[in-house]
Amino acid sequence: MKRFIKVAGAGVLAVSTLGLSGCIVGTVVGTAVDVGVEVVKVPFKVGKGIYDVVKDDEPEEKKN
């Protein structure tokens, strides 16, 4: 009887692991996509920072 309980427990563990594998794959893929998006955003953030530094913030005086 103890052997049956151990085998049944191992079977339930194996089935639940297979059921959760989709969630694990989804999490890994989601994380990879988020990292990829952030890597693509970096050049734009750097470019905007350089533009803000170079841009003249003082308004031009009107000539009369």
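Just so we're clear, the structure is a prediction, and the values are computed from it rather than from any experiment.

Basis of the calculations
Residues numbered from 1 in each chain as written. Predicted model: local features only at pLDDT ≥ 70, side-chain atom pairs only at ≥ 80, totals over all residues. Heavy atoms only, no water. Helix = DSSP H or I, 4+ residues; strand = E, 2+ residues; numbered from the N terminus. Buried < 20%, exposed > 50% of the residue type's maximum accessible area, 1.4 Å probe, protein only. Areas by Shrake-Rupley, 256 points an atom, 1.4 Å probe, with all protein chains shown as cover. Patch = residues over 30% accessible without salt bridge, like charges linked within 9 Å, V, L, I, M, F, W, Y side chains within 5 Å. Salt bridge = Lys/Arg side-chain N within 4 Å of Asp/Glu carboxyl O.

1. A few points about the overall build of the protein
- Helix and strand counts for the protein come out as 1 helix and 0 strands.
- Taking all 64 residues of the protein together, 0% fall into the buried category.
- About 6,300 Å² of surface is accessible on the protein, with carbon and sulfur atoms providing 70% of the total.

2. Details of a nonpolar patch on the surface
- Together, Val42, Val46, Ile50, Val53 and Val54 line one region of the surface with nonpolar side chains, adding up to about 500 Å² of accessible area.
- Mapped onto the secondary structure, Ile50 falls in helix H1 (residues 2-54).
- Given the relative accessible area of 51%, Ile50 is considered exposed.

3. A word on the pattern of salt bridges
- Under the counting rule described, the total for this entry stands at 3 salt bridges.
- Between Lys45 and Glu38 there is a salt bridge, with the nearest N and O atoms lying 3.7 Å from each other.
- Given a relative accessible area of 54%, Lys45 falls into the exposed group.
- Here Lys48 makes a salt bridge to Asp52, at a shortest N to O gap of 3.0 Å.

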